[in-house]
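# Fold and geometry: a report
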Amino acid sequence: MQEELDPLRLVLRDMRLDLLERENVVATGIGYKVRGGERTGTLSIVCSVVEKVAGARLAGNALIPPQVGGIPTDVVETGVIRALQARTDRWRPAPGGVSIGHKDITAGTLGCLVKDDAGTYILSNNHVLANSNAGSPGDAILQPGPIDGGKNPADRIAELARFVTIAFPEPAPPSDCPIGNGVASVANLFARAVGSTTRLQAVRPLAAENQVDAALARPVNIADVRNDILEIGTITGVKQGELGMAVRKSGRTSGLTSGEIQQVDVTVDVDYGSGRTARFTDQLLAGAMSQGGDSGSAVLDTSSNLVGLLFAGSDASTIFNRIENVFSALQVHL
Amino acid sequence: MAAKGNPAGRAGGLAAIREVKARHEDRLLSLPGVVSVGIGTAAGGDMEIVVGLDRHRPGTESEVPVELEGFRVRVEVIGRQRAL
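Residues numbered from 1 in each chain as written. Chains lettered and ligands numbered in written order. Predicted model: local features only at pLDDT ≥ 70, side-chain atom pairs only at ≥ 80, totals over all residues. Heavy atoms only, no water.

## Some thoughts on the overall build of chain B
Stated formally: To qualify as a helix, a DSSP run of H or I must reach at least 4 residues; to qualify as a strand, a run of E must reach at least 2; elements of each kind are numbered from the N terminus. We call two residues in contact when some of their heavy atoms are within 4.5 Å.
Counting its secondary structure elements, chain B contains two helices and five strands. Long-range pairs, those at least 24 residues apart, make up 50% of the contacts in chain B between residues at least 6 apart in sequence.

Listed below in structure tokens is the structure:
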């Protein structure tokens, strides 16, 4: 094989600059010539072009000669070659770490794949896959997400399967009767349980608490998703997050980043926009390792054990749900 | 045997500090600008209660106690936390 390639290498070395100078040519190499869609047994010098154009329409210099230095040439259309496929591009199959989103949102991150007895799902946040409680099962999930150009139905990779409702505090106008608070809260809980629409007004917002911002989407075609995470690889298992643990994530916006669990047992108020704030308990907190659009990223330890589900943060911090709480709330496993 | 940097040096590990945090966190979270209450590690390795602030707030900072039931309390500006 080596000797067979040598004469082509010699010609390519001499001709490559001349070929690459031609308009439209983005790469040169050695490969079997393709004719009528079939690979032939003939080795050729392959010129990759942005776009194939009929010879008659090309200026003399742009035309690739049928042979160079006695070696046949072939022209293949590859488009513009980029260093890496961007996380905001369309990926099929799509791995963890790329853009995804409910049809009515901007975009978040595809976390990873999880399972239950009924099948395989994409795991991400409620606010990524279920539009912060506004979505309904069956809604289109696009990859890439809408802000990255994802269109419905062309880029529909999955359907919303189920989500954990985020509890926002009951809106309550100020009142001058502080004693009624506890009673009203308990009564509200009861009213909610029986589905009553006439709730008592609480003095303070009812301190509704959450543990996870999580949702599942069912892939339309299982061949369209990949069981690995971009730049991390395969998930090896599940591990409980602990103080001081080194972690990393692979997200749509800031890519592969790493940090350390600085706080556990965190109770935190998270801003969901439009004046809505939700309280979360039992969260893990790391330093700055995320930006808008990274929501839904899987958080892993250095041995690729799944530790958390990223959903919030600031310029100084990153907040993630414990993966064991996510799995238990959604009744799924790896 | 109080360790330097942790005047109380209270033992008992995570379970003990969790209990203390649980007793006080509602009150801490109701102070202006407090966005989080968690458990972290101090420079000396002891666990401490960490109160997260949206920005510097001298008023709130002076209201957060230096320690609670033997555990040190640290205030840290972490900014307003947003869904990403």
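## So, the interface of chain B and chain A
Note the following rule: By definition here, a salt bridge exists when the distance from a side-chain nitrogen of Lys or Arg to a carboxyl oxygen of Asp or Glu is within 4 Å. N or O atoms within 3.5 Å of each other form a polar contact, as long as, within protein, one can give a hydrogen and the other can take it, and as long as residues adjacent in sequence are counted only when both atoms are side-chain atoms.
Between chain B and chain A, the contact holds 24 residues from the first and 29 residues from the second. On the surface where chain B and chain A come into contact, there are three salt bridges. Note that R80(B) and D271(A) form a salt bridge whose closest N and O atoms lie 3.1 Å from each other. On the surface where chain B and chain A come into contact, there are 17 residue pairs in polar contact (both at pLDDT 80 or more).

## Topic: the sheet that holds strand β4 (residues 71–77) of chain A
Residue and element names in this part refer to chain A. Convention followed: Only when DSSP finds a minimum of two bridges between them are two strands counted as paired. Orientation is described by lines fitted to C-alpha atoms, with helices fitted over the stretch in contact, and by angles between N-to-C directions that extend from 0 to 180 degrees.
Strand order in the open sheet formed by four strands is β1-β2-β4-β3, with mixed pairing between adjacent strands. The two strands at the open ends of the sheet, each matched to only one other strand, are β1 (25–35) and β3 (67–68). With nine bridges connecting them, β1 and strand β2 (residues 38–49) associate as antiparallel partners. Note on β2: the bridge partner recorded for I30 is I45. Contacting β1, β2, β3 and β4, helix α1 (residues 2–21) runs over the sheet at an angle of about 140° to β1.

## Remarks on the pattern of salt bridges
A side chain with one charge may pair with a side chain of the opposite charge, provided their charged atoms come close. Residue and element names in this part refer to chain A. To keep it simple, the criterion reads: Categorising residues by exposure relies on relative accessible area from a 1.4 Å probe, with only protein chains included: less than 20% of the type maximum marks a residue as buried, more than 50% marks it as exposed, and the intermediate range marks it as partly exposed.
A complete count under the given rule lists 23 salt bridges over all chains for this structure. Residue D301 is joined to K239 by a salt bridge in which the shortest nitrogen-to-oxygen separation is 4.0 Å. Of this pair, D301 sits in strand β19 (residues 298–301) while K239 sits in the loop between β15 (237–238) and β16 (246–251), placing them 62 residues apart in sequence. The class for D301 is buried, based on a relative accessible area of 4%. For K239, a relative accessible area of 41% puts it in the partly exposed group.

## Some thoughts on the environment of R18(B)
Of note, R18(B) is situated in helix α1 (residues 13–29). Taking the C-alpha atoms as reference points, R18(B) and V64(B), separated by 46 residues in sequence, lie 17 Å from one another. Discounting residues that sit within four places of it in the chain, R18(B) has contacts with D265(A) and I39(B).

## Things to note about the sheet that holds strand β7 (residues 108–109) of chain A
Residues and elements named next belong to chain A. Judged by pairing direction, the sheet is antiparallel, and its seven strands sit side by side in the order β7-β6-β10-β11-β13-β9-β8 without closing on themselves. Of all strands in the sheet, those bounded by a partner on one side alone are β7 and β8 (112–116). Bridge count between strand β9 (residues 119–124) and strand β13 (residues 215–219): three bridges; the pairing is antiparallel. In the strand pairing of β13, L123 is matched with L216. Packed onto the sheet, helix α4 (residues 323–330) meets β8, β9, β11 (156–163) and β13 and runs at close to 130° relative to β9.

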